[in-house]
Amino acid sequence: MSHDTSSLNKQRQDLSAYESVWLFGYGSLIYKVDFPYLERKPASITGWSRRFWQGSHDHRGTPESPGRVLTLIETPGEQCTGMAYRVSPEVFEHLDHREKNGYLRFFTPMQFNDGHQADGLVYIASKDNAAFLGDAPLSDIAAHIARSRGPSGENSEYLLKLSQGLRDLGVVDPHVEGIRQHLEPLLKGQE
Ligand code: SIN
């Protein structure tokens, strides 16, 4: 599958009949909210975990030198906490463009902290997209992030803002924090 998924996403779910749609954000959608929303609240999805396994050609890297950003990997029993936004269906025009580098949108059940449930759309970059990078030792992922940058800025900013955004939600993600521990000394060395 090509890494440009914007036209594929438009054909996936017809959202025109919806008054509003829930979006589940687990990565940059937690801390970079460049879209209007009607309501937002923390939520979790089950069976998925965050991994810096997706290449970024358009935000935190370039086609010649991709950065590393998050996707979700199926992990039975795992809970992934993020931020849910209730948005107008038109907002997906912007989101499909923003998430075009390999991400497809899927409906998933979400649990809110207050016990309520709803279905929401989540952007996942699966293994068969051309920009998928896959697993690597955390120290290698950190070194990759330390040297990458793209039109949206330093790749390290993505990880550091995400780590803070997760802490604000009361979440300490071992994968994210493991990379941060390797990354911070590398960044100090670049000063
Ligand atoms: C998300 O944040 O939910 C999707 C991945 C990203 O844009 O970082």
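These numbers were taken from a predicted model, which means no experiment stands behind them.

Chemist: Can you walk me through the site of the ligand in this structure?
Modeler: Close to the ligand lie F24, G25, Y26, G27, S28, L29, E99, Y103 and Y158, which account for all nearby residues. A distance of 2.8 Å is found between an oxygen atom of the ligand and a backbone nitrogen or oxygen belonging to G27. Taking E99, its side chain carries an N or O atom lying 2.9 Å from an oxygen atom of the ligand. For the ligand, the accessible surface in isolation is 250 Å², of which the surrounding protein chains cover 97%. Under a 2 Å grid-point criterion requiring more than half of the atoms, the pocket assigned to the ligand is the largest cavity. Contributing elements (two or more residues each) for the shell around the ligand: β1 (21–25) and α2 (28–31). Tallied by class, the residues present in the shell around the ligand amount to 5 nonpolar, 3 polar and 1 charged.

Chemist: Looking at this structure, I do not really get the packing of aromatic side chains. What am I missing?
Modeler: Each aromatic ring pair is specified by the distance between its two centres and by the angle formed by the two planes. Here the structure, examined in full by the defined rule, presents 6 aromatic pairs. Ring geometry for F35 against Y85: centres 5.1 Å apart, planes inclined by 80°, an arrangement best described as edge-to-face. On the criterion of sequence distance, the pair formed by F35 in the loop between α2 and β2 (39–56) and Y85 in strand β3 (residues 67–87) is long-range, its members being 50 residues apart. You can call F35 buried: its relative accessible area is 6%. Judged by its relative accessible area of 0%, Y85 is buried.

Reading the values: rules and limits
- Residues numbered from 1 in each chain as written.
- Predicted model: local features only at pLDDT ≥ 70, side-chain atom pairs only at ≥ 80, totals over all residues.
- Heavy atoms only, no water.
- Near = heavy atom within 4 Å.
- Polar contact = N/O pair within 3.5 Å; in protein donor to acceptor, adjacent residues only side chain to side chain.
- Areas by Shrake-Rupley, 256 points an atom, 1.4 Å probe, with all protein chains shown as cover.
- 1 Å grid on protein atoms, 1.4 Å probe; cavity = no way out; pocket = protein on both sides within 12 Å on 5 of 7 lines; lining within 4 Å.
- Sits in = over half its atoms within 2 Å of the grid points.
- Helix = DSSP H or I, 4+ residues; strand = E, 2+ residues; numbered from the N terminus.
- Nonpolar A, V, L, I, M, F, W, Y, C, P; charged D, E, K, R; others polar.
- Phe/Tyr/Trp six-rings, centres within 6.5 Å; stacked < 30°, edge-to-face > 60°.
- Buried < 20%, exposed > 50% of the residue type's maximum accessible area, 1.4 Å probe, protein only.

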